[in-house]
Amino acid sequence: SLQSLKALTVLLEIAAFKCKVAVPCFFEYKLLEFKCEILPDLVKNTALEKTYPPIPQEEETKLFEPLHEKYAPMMFDKFFELRGFYLKHGQAIANNLGELFPKRWQDEMQPMLDKVPAKPFHVVKRTMESEQGFNRKLEEVFLSVEEEPIGSASIGQVHRAVLLNGQKVVVKVQ
C-alpha cells in the first residue's frame, strides 16, 4: 500500500542518516574521548606514559571544537528534515537538558524551539482526511479551514477552522 511504502521510505531515510551522519559522529567523538580521557589512564606508569600524557580540560575542550563545528550543523539539518522525534531531541539539545551538550550544539539547535516550518497544507489536508484524522473529506466537517497555520511545532501544527454549524474552532494536526 501507499502508506507502507511511505513508512518504508522514512525508515530508509533514518537508516541512511544513521549510517552517513550519526554513526561517524558517534565514533569520532568517542575516539577523541578515548584519546583524551581513557588512554592516558591506561598507560599511566608504563613506558607509553610520556607518549600519551593527560590532557588538560581546557586543551581537551579545544580539541572537541572541530567536531562540534562539523557535526552540529549536519545534525541540525537532518533533525529538521526528519522532524517529529528528531526535532524533539533538537529542542532538548537547545535547552541543554541534563547539561550534556556543548554551547555550539545548543546554539545550532535554537531555531528548533520556535522556528519550525509548517507542513504544506495539502499534506495537512491529507492527514486530516485520513483514517488517523476525521476519515472524511474536510468539506463534510468544516465550512472552512485556514490553510496558513496559526502555529507549528515539532510534531504538529494548528489551523483555524469553522465547523458546519458555524462554530469557530482550532484544529491541531500531528
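Residues numbered from 1 in each chain as written. Predicted model: local features only at pLDDT ≥ 70, side-chain atom pairs only at ≥ 80, totals over all residues. Heavy atoms only, no water.

*Asks:* Sorry if this is basic, but what is going on with the packing of helix H1 (residues 2–42) against helix H2 (residues 57–82) here?
*Replies:* Pairs of packed helices are described in terms of their axes, by the angle between the two and the distance that separates them. Contact geometry of H1 with H2 gives a least axis separation of 11 Å together with a crossing angle of 165 degrees. In this view, H1 runs roughly antiparallel relative to H2, as classed from their interaxial angle. In the packing of H1 onto H2, the handedness of the crossing is left-handed. Tallied by class, residues from the contact of H1 with H2 come to 17 nonpolar, one polar and seven charged. (Axes fitted to C-alpha atoms, helices over the stretch in contact; angles between N-to-C directions. Helix = DSSP H or I, 4+ residues; strand = E, 2+ residues; numbered from the N terminus. Parallel < 35°, antiparallel > 145°, perpendicular 65-115°, else oblique. Left-handed = near helix turned anticlockwise from the far one by under 90°. Nonpolar A, V, L, I, M, F, W, Y, C, P; charged D, E, K, R; others polar.)

*Asks:* Whenever I open this one, the pattern of salt bridges confuses me. Can you help?
*Replies:* Think of it this way: side chains of opposite charge can pair up when their charged atoms draw near. Scanning the model with the defined rule gives nine salt bridges in all. Taking the shortest distance from any N to any O, the salt bridge between Arg104 and Glu69 comes out at 2.8 Å. With Arg104 in helix H4 (residues 103–109) and Glu69 in helix H2, this residue pair connects regions lying 35 residues apart in the sequence. Taking relative accessible area as the criterion, Glu69 reaches 43% and is therefore assigned partly exposed. One connected set of salt bridges, linked through shared partners, spans Glu69, Arg104 and Glu108. (Salt bridge = Lys/Arg side-chain N within 4 Å of Asp/Glu carboxyl O. Buried < 20%, exposed > 50% of the residue type's maximum accessible area, 1.4 Å probe, protein only.)

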